[in-house]
Amino acid sequence: MRILLRRLEGPQTVGRGPAFWSLFVLVLAGACVYPLVADGYTVGNTVYFFVWVFIALSLCLIWGYGGSLSFGQTAFFGIAGYGYGILTLNFGAAYGFTLVALLLAVGIAAFFALLLGYFMFFGRIAGVFLGIVTLAVTLTLERFMAQTAGPEWHIGVARLNGFNGMSAMPPLTIPWPGGDIVLFADIGLYYLVLGLLVFVYLGLRILMNSAFGNVIVAIRENPERAEMLGYDIRKYQLITFIIGAALAGLSGVLYTVWGQYITPSSMGMTAAALPLIWVAVGGRSDLTSTLIGTLLVLAAFQALTIYGSQYALVFMGVLLVLTVLIAPNGLVLGAMNLLSRFGMRKAEGK
């Protein structure tokens, strides 16, 4: 346990010391109190924001730490979302089956990543070609699911419904002696997703500050040198890819649970590009920056969608270009490093 706690801080993650963790606890406490003072709609909308953070963290792991640009995260997102829908529409929500369906759907996405990643990494596909392959897989899945509108396209009682997607999936249901707890897009689901987000964030910090994380970063910096030191870089890349796919799949299941629907557009070109913008703006080489950047960009994007929908995607494109030109390591990460240096100078001045 002490080893795990020590790995919450390390060279691969920004944020350490009493000041950082005090701020973390303060923010978490505020997040726990938030549903008690906000209306139901706002709480449900916040759950929507939290859901997308998982896919951003998955891309941060694969691209930011691993150095492999992947457009396939929305493919895993869609596979898990459809998997949850098919399972629950066929077997229902009784006896806590929705929780089993969640795990199975994430497992299906991870298994698909195992197959795809094996052929990519053991086939020595890297760099821009890896991005092309994952994009091709994502768009192929999106096109295939969009043309499944006929009555013949069904799995059991679950109709795929083509471009309109699947709907009316049961929400997560937790068996309880006094009656099942149904988690609609409200306070109950909020606390579950918040708990999962904290668990995943801390778990990834521990992972990236471990020996495994150090090897992944070494592969990103110089794969030839890492291989010369005796590491089978293909295995490390494949494991990272599978973990990232599982996180993207978790995001897809939670999105399906939140809205009780899933459509092929969730795997389209726009959907595949948006997580890259969130991660790039936040800072792809750090988990905390990715988390903060994703929430900020999502909030700005939603505001633009409401008050000026025609400019929302234009704004995202301009934001990405400015980030690449001004702060290629990420706007949030750059601001955090600046504050850190300012704090150190102030401490030295005392």
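A brief structural summary. Fair warning: this is a prediction, and the values are worked out from it, not measured in the lab.

**Some remarks on the packing of aromatic side chains**
Considering all chains together, one arrives at 24 aromatic pairs under this definition. Pairing Phe 24 with Tyr 201 gives two aromatic rings, centres 6.0 Å apart and planes at 20°, and the pair type is stacked. One end of the pair, Phe 24, is in helix 2 (residues 17-37); the other, Tyr 201, is in helix 7 (residues 187-208), with 177 residues separating them in the sequence. Centroid distance Phe 91 to Phe 97: 5.5 Å. Interplanar angle 55°. Geometry classified as tilted. Counting every residue linked through ring pairs, the aromatic cluster contains Tyr 48, Phe 49, Trp 52, Phe 77, Tyr 255, Trp 258, Tyr 261 and Trp 278.

**Thoughts on the nonpolar core**
Within the largest apolar cluster, 89 residues are counted, with the highest numbers of intra-cluster contacts made by Phe 76, Tyr 84, Met 166, Phe 241, Val 253, Trp 278 and Leu 287. Per element, the largest residue contribution to this core is 17 residues, and it comes from helix 3 (residues 40-65). Among all residues touching Leu 287, those that are not within four sequence positions of it are Thr 13, Leu 57, Cys 60, Tyr 65, Tyr 201, Leu 204, Arg 205 and Met 208.

**Structural notes on the side chain of Ser 70**
Within the element layout of this structure, Ser 70 appears in the loop between helix 3 and helix 4 (73-91). Judged by its relative accessible area of 1%, Ser 70 falls in the buried class. A polar side-chain atom of Ser 70 sits 3.1 Å from the main-chain amide nitrogen of Gly 72. Residue contacts for Ser 70: discarding those within four places in its chain leaves Leu 59, Ile 62, Leu 130, Thr 134, Phe 241 and Leu 276.

What counts, and where the lines are drawn
- Residues numbered from 1 in each chain as written.
- Predicted model: local features only at pLDDT ≥ 70, side-chain atom pairs only at ≥ 80, totals over all residues.
- Heavy atoms only, no water.
- Phe/Tyr/Trp six-rings, centres within 6.5 Å; stacked < 30°, edge-to-face > 60°.
- Helix = DSSP H or I, 4+ residues; strand = E, 2+ residues; numbered from the N terminus.
- Core = buried A, V, L, I, M, F, W, Y, C linked by side-chain atoms within 4.5 Å.
- Buried < 20%, exposed > 50% of the residue type's maximum accessible area, 1.4 Å probe, protein only.
- Contact = heavy atoms within 4.5 Å.
- Polar contact = N/O pair within 3.5 Å; in protein donor to acceptor, adjacent residues only side chain to side chain.

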